[in-house]
Amino acid sequence: MRSIVEAPRSIVEVPNSGSPLAFRPLNLNRDYRFVNASFALLKPGLSLDQARAQMDSIGKQIATDYPDSNRGWGIAVERTRT
Amino acid sequence: MPREVLQGTLDLMVLRTLAAMGPQHGLGLAKRILQVSEGLLDLNQGTLYPALLRLEQRRWITSRWGVSDNNRKAKFYELTARGRRQIREETEELGTDGGSNGQVSRQAGGRAVIWGRVIDVFRRRRLDTDLDSQLAYHLDALEAEARAQGLSPDDARAAARRAMGGLTQTQDAYRDQLRIPIVDAIRQDVRYGCRVLARNPGFSVVAVAILAIGITSATTIFSFVDAVLLKPLPYENGDRIVRILERRPDGATSWFSAPAFLDWRANNTVFEKMAAQQQGTRHAHQCSGHGGAPCRACHGGLLQSVRHQSGPRTNVCRGRGYAGQGARRRTEPRGLAHAVRRRRAASWARRFSSITSPTR
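Residues numbered from 1 in each chain as written. Chains lettered and ligands numbered in written order. Predicted model: local features only at pLDDT ≥ 70, side-chain atom pairs only at ≥ 80, totals over all residues.

**What about the overall build of chain A?**
And then number 1: Scanning chain A from N- to C-terminus turns up two helices and two strands.
And then number 2: The order of α-helices and β-strands along chain A, N terminus first, is β-α-α-β.
And then number 3: Within chain A, the proportion of its 82 residues that are buried is 30%.
And then number 4: For chain A, contacts bridging at least 24 residues in sequence account for 40% of all contacts bridging at least 6. (Helix = DSSP H or I, 4+ residues; strand = E, 2+ residues; numbered from the N terminus. Buried ≥ 20, exposed ≤ 12 C-beta atoms within 10 Å, placed from the backbone. Contact = placed C-beta atoms within 7 Å.)

**Focus: the overall build of chain B**
And then number 1: The helix and strand inventory of chain B stands at 14 helices and six strands.
And then number 2: Counting all 360 residues of chain B, 30% fall into the buried class.
And then number 3: Across chain B, every contact between residues at least 6 apart in sequence was considered, and the portion connecting residues at least 24 apart equals 53%.

**Side note on the sheet that holds strand S1 (residues 24-25) of chain B**
Residue and element names in this part refer to chain B.
And then number 1: Pairing within the open sheet is antiparallel, and its three strands lie in the order S1-S3-S2. Both edges of this open sheet fall to S1 and strand S2 (61-67), since each of them pairs with a single strand only.
And then number 2: Where S2 and strand S3 (residues 73-79) come together, seven bridges link them in antiparallel fashion. Of the residues in S3, the one forming a bridge with Arg64 is Phe76. (Pairing = 2+ DSSP bridges.)

**Considering the packing of helix H6 (residues 124-148) of chain B against helix H7 (residues 153-164) of chain B**
When two helices pack together, you describe them by how their axes are tilted relative to each other and by the distance separating the axes.
All names here are of chain B.
And then number 1: Where H6 meets H7, the axes come as close as 8 Å, and the angle between the chain directions of the two elements is 130 degrees. It follows from the interaxial angle that H6 and H7 lie oblique. In the crossing of H6 with H7, the sense of the turn from one axis to the other is right-handed. Taken together, the residues of H7 that come into contact with H6 (itself represented by His138, Leu139, Leu142, Glu143, Ala146 and Arg147) are Pro153, Ala156, Arg157, Ala159, Ala160, Ala163 and Met164.
And then number 2: Per-class residue counts for the contact of H6 with H7 are nine nonpolar, one polar and three charged. (Axes fitted to C-alpha atoms, helices over the stretch in contact; angles between N-to-C directions. Parallel < 35°, antiparallel > 145°, perpendicular 65-115°, else oblique. Left-handed = near helix turned anticlockwise from the far one by under 90°. Nonpolar A, V, L, I, M, F, W, Y, C, P; charged D, E, K, R; others polar.)

**A look at the nonpolar core**
And then number 1: Core analysis: the largest hydrophobic core is formed by 29 residues, its most contacted members being Ala40(A), Ile244(B) and Trp264(B).
And then number 2: Elements with a contribution of two residues or more to this core: strand S1 (37-42), helix H1 (48-65) and strand S2 (74-79) of chain A together with strand S4 (241-247), helix H11 (258-267) and strand S6 (271-277) of chain B.
And then number 3: A per-element tally of this core places S1(A) first, with five residues.
And then number 4: Apart from residues lying up to four places away in sequence, Trp264(B) is in contact with Met55(A), Ile58(A), Ile75(A), Ile244(B) and Met274(B). (Core = buried A, V, L, I, M, F, W, Y, C linked by C-beta atoms within 7 Å.)

**Notes on the pairing of S4(B)**
And then number 1: Of all seven residues that make up S4(B), five are buried, and the element is covered over most of its length.
And then number 2: In this sheet, S4(B) lies alongside S1(A) in antiparallel orientation, the contact comprising three bridges. The residue of S4(B) that forms the bridge with Ala40(A) is Val242(B).
And then number 3: Inspection of the sheet shows S4(B) paired to strand S5 (residues 253-254) of chain B by two bridges, in the antiparallel sense. Following the sheet pairing, Arg247(B) is matched in S5(B) by Thr253(B).
And then number 4: Counting the residues that bridge the hairpin from S4(B) to S5(B) gives five residues, and of these Gly251(B) lies at a positive phi of roughly 100 degrees.

**Things to note about H6(B)**
Residues and elements named next belong to chain B.
And then number 1: Its 25 residues place the ends of H6 36 Å apart at the C-alpha level, agreeing with the 36 Å of an ideal helix rising 1.5 Å per residue.
And then number 2: Within H6 the residues assigned to the buried category are Leu131, Gln134, His138, Ala141, Leu142, Glu143 and Ala146.
And then number 3: Check the buried side of H6 and you find it contacts helix H2 (26-37), helix H3 (48-57), S3, H7 and helix H8 (167-177).
And then number 4: Gly150, located one to two residues past H6, shows a positive phi value of around 100 degrees. (Expected span 1.5 Å × (residues − 1).)

**Re the packing of H2(B) against H3(B)**
Residue and element names in this part refer to chain B.
And then number 1: One can describe the packing of H2 onto H3 by two numbers: an axis separation of 11 Å at closest approach and a directional angle of 110 degrees. Relative to H3, the element H2 lies roughly perpendicular. Contacts between H2 and H3 pair Gly26, Leu29 and Ala30 from the former with Leu48, Tyr49 and Leu52 from the latter.
And then number 2: Here the contact of H2 with H3 is built from residues that sort into five nonpolar, one polar and no charged.

**A short note on unusual backbone geometry**
And then number 1: Positive phi values are uncommon outside glycine, yet Arg59(B) reaches one of about 60 degrees.
And then number 2: Relative to the assigned elements, Arg59(B) resides in the loop between H3 and S2.

**Quick notes on H2(B)**
And then number 1: Across its 12 residues, H2(B) extends 16 Å between first and last C-alpha, which sits within 8% of the 16 Å expected from 1.5 Å per residue.
And then number 2: Along H2(B), the residues classified as buried are Gly26(B), Leu27(B), Gly28(B), Leu29(B) and Ala30(B).

**Quick notes on the environment of Ser63(B)**
Residue and element names in this part refer to chain B.
And then number 1: Relative to the helices and strands, Ser63 resides in strand S2.
And then number 2: On the basis of neighbour counts, which here come to 18 C-beta atoms within 10 Å, the residue Ser63 falls in the partly exposed class.
And then number 3: Counting along the chain gives 38 residues from Ser63 to His25, while the straight-line C-alpha distance between them is 8.9 Å.
And then number 4: When residues no more than four places from it in sequence are discounted, the contact partners of Ser63 are Glu56, Lys75, Phe76 and Tyr77.

**Digging into the confidence of the model for chain B**
All names here are of chain B.
And then number 1: For chain B, per-residue confidence averages 73 on the pLDDT scale, and 67% of positions sit at 70 or higher.
And then number 2: Contacts from residues 97-108, a stretch scored under 50 in pLDDT, to residues over four places away or in other chains number 14 contacts.
And then number 3: With pLDDT under 50 throughout, residues 281-334 is counted as low confidence; its partners more than four residues away or in other chains account for 119 contacts.
And then number 4: Quick note on the complex model: pTM equals 0.45, ipTM equals 0.74. (pLDDT = per-residue confidence, 0-100.)

Here's what the structure looks like:
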């Protein structure tokens, strides 16, 4: 299996000026796993487990909706620091 | 007579004598005690003074300087209320005990002794001279008495000395009474250690160097662990910032696709903000901070994009926040400071990206 993870990084290089599009239509492809960092701020009072539970169900929904690219895949939510 | 028993007995005798006679100096006490014991007690009169100090430290007696019958300066000892209580307790104890050896109980006033000693540390020198003048007075008086009985000056002096017992022992016992055992032991240990180290400079240097290296490495390692693992990220609510990745069927985490990210952001209700970034570029990310519109201001890297939504919680620790940037751009010349800020922001982004290696 070709590792998608090692896809070249510089494909999406957005011009520094003007109005950059973060995700070009070209890159809106569920097989193309090129985004390597996602961070989120938990709402106050919510626990990591609550976030994980919801992201799990979202992940399952995605896997159901797009089996070609996402069957068996899930979502990992981790603390940035222990 | 064993020494300990003597000490306890002597304490009690002194207390009782003071209770019976009122304020009294050392010489008077010694005479009275010898008289009462009717020669049964072979008292070295010098031992009286450490005992008096001991009792004073327990605050059973107090002392003050006064003038004796023969118009000389003498230290007078007087029973305190505490001392009176002590006598009562001792007497009761003797009654119930069936009359043991009459020792003044050690526990009673044990804490007071320590405090008394701590206070006495500060007047050690004065107490020392006090002892000397008391001994001199006592000795002179005994000598005068012996002469009055018809002894030659030399014999009188010798007799007085005999009655007093060893002066050096008395002074030693008195000074022991002024020490705080732990403190003095530690001081001696330190002094000894310094002396040994000074004697072997080579060894000392090696020992100090090894200690220094050990302390340095321990500190360094801890600083590193603290910065990398323990401290929350240097953002307000840094403990609420989480990392989200995809999980492959085999369980390992993985990079993810743009549509997946957009789905996550659209469907979750647990996160206040969410942002993504592709390593190596500054702009290929989207923040929820702009109502979904692409963000072009997050030069400072990803965390900043998580944080920079306008509102009270938008303090940016590195680089610039979104709200402040336009204003700064307008008011500040594109000088060195600007370049430095940009540079710093970029390096933060690099550092930050390095935390989120896809293999983790």
